[in-house]
Amino acid sequence: MKCFLPVLSCLAVLGVVSAQRQVAVQEGPLYRTEGSHITIWCNVSGYQGPSEQNFQWSIYLPSAPEREVQIVSTMDSSFPYAIYTQRVRSGKIYVERVQGNSALLHITDLQARDAGEYECHTPNTDERYFGSYSAKMNLMVIPDSLQSTAVRHTLHRVEQDPLELTCEVATETLQHSHLSVAWLRQRGSEKPVEVIALSRDFVLQSSSDYAQRQSLGEVRLDKLGSSTFRLTVFHLQPSDQGEFYCEATEWIQDPDGSWYPMTRKRSEGTVVNVQPTDKEFTVRLETDKRLYTVGEPAEFRCILEGQNTPDRYFAVSWAFNSSLIASMGPNAVPVLNSEFTHREARGQLKVAKESDNVFVLKIYHLRQEDSGKYNCRVTEREKTVTGEFIDKESKRPKNIPIIVLPIKSSISVEVASNASVVLEGENLHLSCSIRTAGRPLGRFSVIWQLVDRQNRRSNIMWLDRDGTVQPGTSYWERSSFGGVQMEQVQPNSFSLGIFNSRREDEGQYECHVTEWVRAVDGEWQVVGERRASTLVSITALETGFAVTAISRTPGVTYSDSFDLQCIIKPHYPARVPVSVTWRFQPVGTAEFHDLVTFTRDGGVQWGDRSSSFRTRTAIEKAESSNNVRLSISRASDTEAGKYQCVAELWRRNYNNSWTRLAERTSNLLEIRVLQPVTKLQVSKSKRTLTLVENRPIQLNCSVKSQTSQNSHFAVLWYVHKPSDADGKLILKTTHNSAFEYGTYAEEEGLRARLQFERHVSGGLFSLTVQRAEVSDSGSYYCHVEEWLLSPNYAWYKLAEEVSGRTEVTVKQPDSRLKLSQAQGNLSVLETRQVQLECVVLNRTSAASQLLVEWFVWKPNHPERETLARLSRDATFHYGEQAAKNNLKGRLHLESPSPGVYRLFIQNVAVQDSGTYSCRVEEWLPSPGGTWYRRAEDTAGQTAVQVMRPDAALQVDTVVPNATVSEKAAFQLDCSIVSRSSQDSRFAVAWYSLRTKAGGKRGSPGLEDGEEEGEEGEEEEEEDPTERTALLSVGPDAVFGPEGSPWEGRLRFQRLSPLLYRLTVLQASPRDTGNYSCRVEEWLPSPQKEWYRLTEEESAPIGIRVLDTSSTLQSIICSNDALFYFIFFYPFPIFGILIITILLVRFKSRNSSKNSDGKNGVPLLWIKEPHLNYSPTCLEPPVLKSAREDDVHSLCLKGKMPEGWLELGRIMKI
């Protein structure tokens, strides 16, 4: 509910902005336990129509996710389905309307069958359908497996004894959940008190009754093992008496991030009785004092001391001079005597119970007749079973007598100041303290007065008894500016503050106090008056005012700095402003002019003739004094002369105006300026430097000492070659950091390779010649000039010196290129991939670039041919061999790591066989930016042999012979038993086999056995068989020409990828002979070209065609009348005959079964194996089963009806 309301408010706002209806439901999935009470919120926004919308809830059960089951509706009482009607009517399922556009679905007793997908639907109230009208969420119902168990028993303990209780908490929930465990104590019908609890976030906490004891370790909760929680109370108190039980809660986190308590279980309770150790108690009576004045308050405290007093019952009574004032029972309700009832009603008296141990009697306004003895009596009572109280023990302390005195003034006044002598302008603080013998009786009025040296009295300020402050006539203006203030610091203390004091404030300050008391009639009357005073002296500011000018450097070095101090005495506080002006008289002149002024408000003003000083002069005023220091840097002849300072003393008035009190002039200071002496020293050390080409030449020029920290240096770099008489200038850097290249740099083209650097230390200069060449060898040195800036900002050369020489030798790097020389042999099948590796074991430089070239030696070709080349810029190029063998699309190069190059030849062919190797060239960058070849090496050779797959073609060699009738069709099947590859294609050709002239017929199986035996014994040196092609089909499915004898009579079929059939129609006796098929297997090469792998020929097939030129069949089929007479009329008679025979056989059960019949029915036809009998055409049986289409073709010319043909088939079956 906490998360629900903010969501509703946000969605409600969105609904006002947008006109599109939007239904939102609580985010799922939600996990809830059986038997729990669940709520699911739903709201609609962006709708039109009435503000109060209706809601309909449905569920889609997991067993039927597409079927809607209606649950409850806010508009239709008949909306629920039957399985939910009873629960809706009984109130176990209902909808709570939160607002007009939001509602809550309540399921009070959740059941396992309530799990499913819930849909909240809002009926349309808009003019048109626009938006969403329903929303869904998932509810998962899980078993309530939480258990909280403890042994129920009763314990009797004595106060201060320890207590230990254990509780077992366990759950078997599969979802991720948290447990919280709490121990509670319940006493009768009182609300349970939480002793200690472990929250779901593993935080221990206690209620206010046990929080302090938990923090002290008196109360502990320990987890023993995985499910045991132990409560320990180390020192029992009587208040701990009651029933202790354990309560466990299982929490689960919903998709919105909030934690929900799924289930809560309480264990059995343990009753703990705590027996107090002591029932004795004592009573004492206390009050602050015993002497009072009329009108003062008095308080009497009756203090009860004993054990377990909160759990015991006491009655208290108050007495004055043995007369009862009031009594109070265990219910703490006071009952006053009639004499004191009126005073209590007017708020002058109060009787109350302050705590379980303290009872008070308060008299707010004492009277003189209240003097006497006061006492209290405490009686312990015991509560019976019936609820009545009986008195047990009663105690009372000693009487306390008090005396109430009449009102009398007893004040005394004391005046103090922050100082008796103050400096003019300082603040003056005076305090007037009033002391009384007792509590103040009433109020005070205070008047501050000043008595000056002439004994004139004036009122400064006064405060009346109502707290109103008024200034005197002569102090009215200063008071309006805040210069004079009066304040009541405490009830008996009053202060007077005079800010920015003046000379006229000196004198005797007097505090006049009057004490006022309100009479019985309400009027104020004076009780007494007192006075006190103190003397204050004011010292003038200009007293002892003097100024002195000093300098510790009357003679300074040229371009150095010097300081001038203006000392002001006495030492004034920061509030007293002093303005200081420095004046200057140049050498050779007789007139002073103002140089700079440090004004009283801290500002700086320059004189008209101080333009040359401004950039080199700093003026500073000390924080602790008014001393002013003038610092002049870069001294020159212009600053030589006499200096003087003038100081003015100022005072700020109360109205913020200024008054100059005094002016003082200092003594004269003469400053002389001297020229500096050079201290330039350059390092003379010599060194030798040998380095590899393309490395930087680092040259250093070190200034060991210099005249001034502000010195600038001009550095000239020279190189001396053995062939030259003098050194040549390379580079010059002037004192103002300008660069000038020398003739040697221009001639040798060094400008782009020179780098000059001045280090932070200021005395070290470096020249770096980048990318050193062999020609850069020579002797290098530097020439240093020291320059100083004159005070007039003009540079002049002070000194110069030459450094020691550095001998530089530049050489080329040594070659370290090395390749792997490992030899290898590879044998692979066509279309596979070959990997060739070239490994660089070492190289000359990490910055070098490598050129990798792959080449091959083909068989019978002594010259090597280049396959590919990887250039220095990582560009891949194909060689001439790649173009010849179509390698461009099959080469792939990769470098998995530096120095390792792999060449992959994909889809290899036989022509890819050869010996492969690689050659690597190492190129180094020259200092001029060009690359040159430093080394090369060739790796070991790898012999690669590419082989074609083995031939596995096999054609079926077992083919039966066949005999067909004239004009019939016969089939020649060519079956492939196995092939070499799944990618194979086949070329198939059928041949007729004839015996050549002089030979014998090659038609096995057609003659008798003797002839065949004789043929088998004969051996011919030449093949006597003549082959005539019937039809050929290429691997590309292109048909060849048909043989002339069979042209127009051939039909080709490919029944499966490995079965080919050729059908010869209209067979004639000339077709008698042997036939065979030849199969060629073709495979694709890696270049997608087809080549013939192998060929195979089947065994001969013997075909005999019978000559049936004038048969009974042809006679019958050629005559229509005879055909219908023979085949139409006999069938009905034949059918009746069969039925009659079957009935007779059925009735003759005792007759024996015919051994030639099946199931008792005689065979109507005798079927020979492999013979085909046609009931429609009287043709003789043949050695091959006639197909239906053969019968059809035989009878088609006889004009046999199709119906009769089908009938013939049925009869045959």
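Throughout, a residue's number is its position along its own chain's written sequence, starting from 1. Reporting in this predicted model follows two pLDDT cut-offs: at least 70 for local features of residues, and 80 or more for side-chain atom pairs to be given and counted; totals over whole chains, interfaces and linings ignore these cut-offs and use all residues. Hydrogens and waters are ignored; side-chain quantities use all the structure's heavy atoms.

Caption draft 1: Examining the overall build of the protein chain more closely. Helices and strands together make up the secondary structure of the protein chain, namely 14 helices and 84 strands. Summarising the internal contacts of the protein chain: among those between residues at least 6 apart in sequence, 60% fall at separations of at least 24. Carbon and sulfur atoms form 49% of the exposed surface of the protein chain, whose accessible area is close to 65900 Å². Elements are defined by DSSP. Helices are runs of H or I of four residues or more, strands are runs of E of two residues or more, and each kind is numbered from the N terminus. In what follows, residue pairs with any heavy atoms lying within 4.5 Å of each other are defined as contacts. All accessible-area figures derive from a Shrake-Rupley calculation using a 1.4 Å probe, and residue coverage is judged against the displayed protein chains alone.

Caption draft 2: How the structure looks around unusual backbone geometry. P29 follows G28 through a cis peptide bond whose omega is 0 degrees. For S737, which is not glycine, the phi torsion reads 70 degrees and is therefore positive. Its location among the elements puts S737 in the loop between β57 (728–733) and β58 (739–741).

Caption draft 3: Representation of the sheet that holds strand β66 (residues 834–842). Strands sit in the order β64-β66-β71-β70 across an open sheet of four strands; the sheet is antiparallel. The sheet terminates laterally at β64 (818–819) and β70 (891–897), the two strands that pair on one side only. Only strands that DSSP links by at least two bridges are regarded as paired with each other. The sheet contact formed by β64 and β66 spans two bridges and is antiparallel. Across the sheet, K818 pairs through a bridge with N842, a residue of β66.

Caption draft 4: Structural view of the packing of aromatic side chains. Note on aromatic pairs: the rings of Phe, Tyr and Trp (six-membered ring only in Trp) are paired at centre separations within 6.5 Å, and the planes decide the class, stacked below 30 degrees, edge-to-face beyond 60, tilted for the rest. One pass over the structure, following the stated rule, counts 19 aromatic pairs. Ring geometry for F584 against Y643: centres 4.6 Å apart, planes inclined by 35 degrees, an arrangement best described as tilted. Placement of F584 in strand β45 (residues 578–586) and of Y643 in strand β50 (residues 641–652) is noted, with a sequence separation of 59 residues between them. Grouping residues by exposure puts F584 and Y643 together as buried. Residue exposure (1.4 Å probe, protein chains only): buried if accessible area is under 20% of the type maximum, exposed if over 50%, otherwise partly exposed.

Caption draft 5: Structural detail: the confidence of the model for the protein chain. What pLDDT expresses is the predictor's confidence in each residue, scored from 0 to 100. Taken residue by residue, the protein chain gives an average pLDDT of 83. The fraction at 70 or more is 88%. Below pLDDT 50 for its whole length, residues 1–18 participates in 23 contacts with residues either more than four positions away or in separate chains. Ignoring residues within four places in sequence, the model shows residues 1150–1213, a span with pLDDT below 50, making 79 contacts including any to other chains.

Caption draft 6: Structural context of the sheet that holds strand β81 (residues 1059–1064). Ordered in space as β75-β77-β81-β80, the four strands form an open sheet in which the pairing is antiparallel. Strands at the two margins of the open sheet, each flanked by one partner only, are β75 (954–955) and β80 (1050–1056). As defined by bridge partners, strand β77 (residues 970–978) adjoins β81 across six bridges and the pair is classed as antiparallel. Counted as the bridge partner of S975 is L1059 from β81.

Caption draft 7: Structural context of the state of the cysteines. The disulfide definition used here is simple: a pair of cysteine sulfur atoms within 2.5 Å. As enumerated under the stated definition, the model contains seven disulfides in all. Covalent S-S linkage joins C566 and C645, the inter-sulfur distance amounting to 2.3 Å. On the sign convention where negative means left-handed, the S-S torsion of about 75 degrees between C566 and C645 marks this disulfide as right-handed. A residue pair is termed long-range when its members are at least 10 positions apart, and C566 in strand β44 (residues 562–569) and C645 in strand β50 qualify at 79 residues. The pair formed by C566 and C645 is uniform in burial state, with each residue classed as buried. In this model C974 forms its disulfide with C1077; the gap between the sulfur atoms is 2.2 Å. With the S-S bond torsion at 75 degrees, the cross-link from C974 to C1077 turns out right-handed. Pair noted here: C974 is in strand β77 and C1077 is in strand β82 (residues 1073–1084), with a separation of 103 residues, a long-range link.

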